[in-house]
Amino acid sequence: MLKLYIGNKNYSSWSMRPWVLLAAFRIPFEEVKLRFDFSPGSEWTRVIADISPTRRVPVLAENDRFTVWETLAITEYVADRHPELAIWPHDAKARARARSLCAEMHGGFLRLRTVCPMNIEVFFPDVGAKLWAEDEALRADVARLDAAWSQALKASGGPFLFGEFSAADAYFAPVAVRLSRFGLPVSENAAAYCDALLAHPAVEDWIADAMREQDFVPEDEPYRKSR
């Protein structure tokens, strides 16, 4: 069985992507959660050094200890392992566009990811309103996101980016969380897509687990001093 190493579900947007992907397509896997504690001797420090050259999560491991790291590589590996599943859209052009959007998310939207970190258990509408009013780069990131989603949804007819749920939707699930928690304004089409993502059973399960964590990692909390 596959084994997926992840970080705190409340904070780890990178971990959320492959977890949601595997859960959405009902691919059996064992979850191994490592708390974000980078101090010497911590479980994170002991375990991560043995499984990942980057010392980051997520990491997907096979029974023979073969490992794949980085979310895009994990997604491609899972898709290769399960060609019977429509992890990427069947249509070649839609598949290329889905990969383009995932790659853009992987390396872009830096301002959104920086000032609106994922924090599932808390809503920050006041912080979001202040950031929206003051931060032009954030507004630009959201505008590009909105345009990309709207274009894909128009072409596919929805409810997900390429019609049926795919890797692209798993990749943008943490973004839907960010937009909802910070109350950032998007178009009607983008808002409906966010609602569909947040209502997907795999996403709902991740969010429910995150709410049960009841943990507090100061390094991931720019807007709170305690729980």
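Residues numbered from 1 in each chain as written. Predicted model: local features only at pLDDT ≥ 70, side-chain atom pairs only at ≥ 80, totals over all residues. Heavy atoms only, no water.

## Topic: the overall build of the chain
Quick reminder of the rule: Strands here are runs of E lasting at least two residues and helices are runs of H or I lasting at least four, both read from the DSSP assignment and numbered beginning at the N terminus. Radius of gyration: C-alpha atoms only; globule rule: 2.2 Å multiplied by the number of residues to the exponent 0.38. Buried residues are those whose accessible area, probed at 1.4 Å on protein chains only, stays under 20% of the maximum for their type, while exposed residues exceed 50% and partly exposed ones sit between those limits. Should any heavy atoms of two residues lie within 4.5 Å, those residues are counted as being in contact. Only the protein chains shown count as covering a residue, and every accessible area follows the Shrake-Rupley method with a 1.4 Å probe. Charged-residue counts in this description rest on Lys and Arg as positive and Asp and Glu as negative, His and the chain ends being excluded. In plain terms, the charge of a residue is placed at NZ if it is Lys, CZ if Arg, CG if Asp and CD if Glu.
In terms of regular secondary structure, the chain is built from 10 helices and four strands. For the chain, the succession of helices and strands along the chain, N to C, is β-α-β-α-β-β-α-α-α-α-α-α-α-α. Whereas a compact globule of 227 residues would reach a radius of gyration of roughly 17 Å, the chain reaches 17 Å, a difference of no more than 12%. Expressed along its principal axes, the backbone C-alpha trace of the chain runs to roughly 45 × 45 × 25 Å. The proportion of buried residues among the 227 residues of the chain is 52%. If you take every contact in the chain between residues at least 6 apart in sequence, the share linking residues at least 24 apart comes to 70%. Carbon together with sulfur atoms contributes 53% to the accessible area of the chain, which is approximately 10,900 Å² in total. The distance from the centre of the 27 positive side-chain charges to the centre of the 32 negative ones in the chain is 2 Å.

## Comments concerning the sheet that holds strand 2 (residues 29-33)
Inclusion rule: Any two strands with at least two DSSP bridges between them are considered paired. For helices, the fitted line uses only the C-alpha atoms of the stretch in contact; every axis is such a line through C-alpha atoms, and the angle between N-to-C directions lies from 0 to 180 degrees.
Strand order in the open sheet formed by four strands is 2-1-3-4, and the pairing between neighbours is mixed. Where the open sheet ends on each side, the last strands, each with one partner, are strand 2 and strand 4 (67-69). Along the sheet, successive strands turn relative to each other by an average axial angle of 20°, direction set aside.

## Considerations on helix 2 (residues 43-51)
Note that an α-helix has 3.6 residues per turn; residues three or four places apart therefore point the same way. Counted only if it meets this: As used here, the arc belongs to the directions running from the helix axis to the C-beta atoms.
Turning to helix 2, its buried residues number three or more, namely Trp 44, Ile 48 and Ile 51. The buried residues of helix 2 occupy an angular sector of 65° when the element is viewed end-on, so they sit on one face. Facing away from the buried side of helix 2, by more than 90 degrees, are the exposed residues Arg 46 and Asp 50. Of the surrounding elements, those touching the buried residues of helix 2 are strand 1 (2-6), strand 3 (59-61) and strand 4.

## Observations regarding the pairing of strand 2
Bridge count for strand 1 against strand 2 is five bridges, and the pairing is parallel. Residue pairing across strands places Tyr 5 opposite Val 32, the latter belonging to strand 2.

## Some points on the packing of aromatic side chains
Defined as follows: In this scheme Phe, Tyr and Trp rings, the latter by its six-membered ring, pair at centre separations within 6.5 Å, and the angle between planes marks the pair as stacked below 30 degrees, edge-to-face above 60, and tilted otherwise.
Evaluated as defined, the whole model comprises 13 aromatic pairs. Each ring, one from Trp 19 and one from Trp 206, has its centre 5.3 Å from the other, and the planes form 70°; the classification is edge-to-face. Within this pair, whereas Trp 19 is found in helix 1 (residues 13-24), its partner Trp 206 is found in helix 10 (residues 201-213), the two being separated by 187 residues in sequence. With 5.1 Å between their ring centres and 80° between their planes, Phe 38 and Trp 44 make a pair best called edge-to-face. Take Trp 44: its relative accessible area is 6%, and that puts it in the buried class. Among the aromatic residues, those joined into a cluster by ring pairs are Trp 19, Phe 29 and Trp 206.

## Notes on the environment of Lys 9
Rules: Whenever a nitrogen or oxygen atom comes within 3.5 Å of another N or O atom, the pair is scored as a polar contact, on the condition that within protein one atom can donate a hydrogen and the other can accept it, and that pairs from neighbouring residues in sequence are kept only if both atoms are in side chains.
Examined against the element boundaries, Lys 9 turns out to sit in the loop between strand 1 and helix 1. In this structure the C-alpha to C-alpha distance between Lys 9 and Arg 212, which are 203 residues apart in sequence, comes to 9.5 Å. Apart from the residues lying within four places of it in its own chain, the contact partners of Lys 9 are Trp 19, Glu 31, Lys 33, Met 118, Ile 120, Trp 206, Asp 209, Ala 210 and Glu 213. Looking at Lys 9, its side chain comes within polar contact range of the side chain of Glu 31, at 2.8 Å.

## Notes on the environment of Ile 48
Within the secondary structure, Ile 48 sits in helix 2. Put simply, Ile 48 and Val 59 are 11 residues apart on the chain and 9.1 Å apart in space, counted from C-alpha to C-alpha. When residues no more than four places from it in sequence are discounted, the contact partners of Ile 48 are Leu 34, Glu 43, Arg 55, Arg 56 and Val 57.

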